Amino acid sequence: MARRKFDKQFKNSAVKLILEEGYSVKEVSQELEVHANSLYRWVQEVEEYGESAFPGNGTALADAQNKIKLLEKENRYLQEELELLKKFRVFLKRSK
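This structure is a prediction, so every number in the text was calculated from the model and none was measured. (Residues numbered from 1 in each chain as written. Predicted model: local features only at pLDDT ≥ 70, side-chain atom pairs only at ≥ 80, totals over all residues. Heavy atoms only, no water.)

Enquirer: Is there a simple way to think about the side chain of Ser-29 in this case?
Expert: Checked against the element boundaries, Ser-29 lands in helix H2 (residues 25–32). For Ser-29, a relative accessible area of 13% puts it in the buried group. Within the local environment of Ser-29, its side chain forms a polar contact with the backbone oxygen of Val-34, the two atoms lying 2.5 Å apart. Ignoring any residue separated from it by four or fewer positions in sequence, one finds Ser-29 in contact with Val-34, His-35, Ala-36 and Leu-39. (Helix = DSSP H or I, 4+ residues; strand = E, 2+ residues; numbered from the N terminus. Buried < 20%, exposed > 50% of the residue type's maximum accessible area, 1.4 Å probe, protein only. Polar contact = N/O pair within 3.5 Å; in protein donor to acceptor, adjacent residues only side chain to side chain. Contact = heavy atoms within 4.5 Å.)

Here it is in structure tokens:
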């Protein structure tokens, strides 16, 4: 059986039924034929990320992972720069 994919609008509508309209996860799950665990995860993503939930293919996790990679790259660059500054400081002290 192929894995079903849901777009951002569908996910937001399903979450809105739960959070704003007061339907239970079980009711929405049965009506939309979506597994309850998926609905719980979607609600959690909307609560955590708000409007930025479900970017791209529908997952906020990918967006967060990309941001982490960029921050790790910047961190490595800054650490290298700091090491160069430390070496330069030692060099200056020796030349005095």
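Enquirer: Hey, could you run me through the packing of aromatic side chains in this one?
Expert: To describe a pair of aromatic rings, you give the distance between the ring centres and the angle between the ring planes. Per the counting criterion, the structure on display carries four aromatic pairs. Three or more aromatic residues link up through ring pairs in this structure, and these residues are Phe-6, Phe-10 and Trp-42. (Phe/Tyr/Trp six-rings, centres within 6.5 Å; stacked < 30°, edge-to-face > 60°.)

Enquirer: Honestly, the environment of Val-46 in this entry has me stumped. Any pointers?
Expert: The residue Val-46 is located in helix H3 (residues 36–49) in this model. Residue contacts for Val-46: discarding those within four places in its chain leaves Asn-12, Val-15, Leu-19, Ala-53 and Phe-54.

Enquirer: When you look at the nonpolar core in this model, what are you seeing that I'm missing?
Expert: A general feature of soluble globular proteins is that nonpolar side chains tend to end up buried together. Within the largest apolar cluster, 13 residues are counted, with the highest numbers of intra-cluster contacts made by Ile-18, Leu-39 and Trp-42. Among the secondary structure elements, those contributing two or more residues to this core are helix H1 (8–19), H2 and H3. At four residues, the largest contribution of residues to this core is made by H3. Among residues more than four places away in sequence, those in contact with Trp-42 are Phe-6, Phe-10, Lys-11, Ala-14, Val-15, Val-34 and Phe-54. (Core = buried A, V, L, I, M, F, W, Y, C linked by side-chain atoms within 4.5 Å.)

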